[in-house]
Amino acid sequence: MNYVPGTASLIDDIDKKHLVLLRDGRTLIGYLRSIDQFANLVFHQTVERIHVGKKFGDIPRGIFIVRGENVVLLGEMDVDKPCDTILQQVSIEEILEEQRLQQQAKQETEKVKMQVLKDRGLSIPKADNLDEY
């Protein structure tokens, strides 16, 4: 096997099923169809997988283009290996509702945390304001 530097090493992975983790936390699963010198990826038959607790749901996305700078992790999936997971697959509506509830709980926890810090005379800048510094 010869070593090929950079994104050219992914040429052998075209037309194989991959999982990609994006910088914003989303997980995509699909068939890698194309790649360029900037590591931009094109996926076919893509689904977005959402995990909440021990449940997951797949949202069909079709053809999906991913800008290379947004890729955190890319890995080939073994489609022949039997799935022995303890996760339970649920409907799209159910997983979206679970995700919404999880995000609400997280926001409430953050509000309480910020209030406690404020009461003690401390403040933490919000993430969207950090670019100004």
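This is a predicted model, so every value here is computed, not measured.

Enquirer: How do you make sense of the overall build of the protein chain when you look at a structure like this?
Expert: For the protein chain, the helix and strand inventory stands at one helix and six strands. N-terminal to C-terminal, the α/β element order of the protein chain is β-β-β-β-β-β-α. Scaling as 2.2 N^0.38, a compact globule of 133 residues should have a C-alpha radius of gyration of about 14 Å, whereas the protein chain reaches 19 Å, well beyond that. Projecting the C-alpha coordinates of the protein chain onto the three principal axes gives extents of approximately 60 × 40 × 25 Å. By the burial criterion, 20% of the 133 residues in the protein chain qualify as buried. Sequence separation of 24 or more characterises 48% of the internal contacts of the protein chain that already satisfy a separation of 6 or more. Surface summary for the protein chain: the accessible area is close to 10,100 Å², and the carbon and sulfur share equals 52%.

Enquirer: Which parts of the structure should I look at to understand helix α1 (residues 92-119)?
Expert: In an α-helix there are 3.6 residues to a turn, and that puts residues three or four apart on one side. With 28 residues, α1 should reach 40 Å at 1.5 Å per residue; the first-to-last C-alpha distance of 41 Å fits that figure. Once α1 ends, the next one or two residues include Gly 121, with phi positive near 85°.

Enquirer: Is there a simple way to explain the pairing of strand β1 (residues 17-22) in this structure?
Expert: Along a regular strand, successive side chains alternate from one face of the sheet to the other. Burial along β1 is one-sided: the residues His 18, Val 20 and Leu 22 are buried and none of Lys 17, Leu 19 and Leu 21 is. Bridge analysis of β1 against strand β2 (residues 27-35) gives five bridges, and the strand direction is antiparallel. Opposite Val 20, over in β2, you have Leu 28 as the bridge partner. The loop that links β1 with its antiparallel partner β2 comprises four residues; one of these, Gly 25, has a positive phi angle of about 95°. Where β1 lies against strand β5 (residues 71-76), five bridges are found, and the strand directions are antiparallel. Paired with Leu 21 across the bridge in β5 is Leu 73.

Enquirer: Help me out: how do you make sense of the nonpolar core in this one?
Expert: In summary, soluble globular proteins display a tendency toward joint burial of nonpolar side chains. Residues Leu 10, Val 20, Leu 22, Leu 28, Leu 32, Ile 35, Leu 41, Phe 43, Phe 64 and Val 66 constitute the largest nonpolar core, which totals 10 residues. Contributing elements (two or more residues each) for this core: β1, β2, β3 (41-52) and β4 (55-66). The element that contributes the greatest number of residues to this core is β2, accounting for three residues. Sequence-distant contacts of Leu 32, defined by excluding residues within four places in its chain, comprise Leu 10, Asp 13, Ile 14, Asp 15, Lys 16, His 18, Leu 41, Val 42 and Phe 43. Ile 50, Val 52, Ile 59 and Val 90 belong to the second-largest nonpolar core, a separate cluster that totals five residues.

About the thresholds
- Residues numbered from 1 in each chain as written.
- Predicted model: local features only at pLDDT ≥ 70, side-chain atom pairs only at ≥ 80, totals over all residues.
- Heavy atoms only, no water.
- Helix = DSSP H or I, 4+ residues; strand = E, 2+ residues; numbered from the N terminus.
- Rg over C-alpha atoms; globule rule 2.2 N^0.38 Å.
- Buried < 20%, exposed > 50% of the residue type's maximum accessible area, 1.4 Å probe, protein only.
- Contact = heavy atoms within 4.5 Å.
- Areas by Shrake-Rupley, 256 points an atom, 1.4 Å probe, with all protein chains shown as cover.
- Expected span 1.5 Å × (residues − 1).
- Pairing = 2+ DSSP bridges.
- Core = buried A, V, L, I, M, F, W, Y, C linked by side-chain atoms within 4.5 Å.

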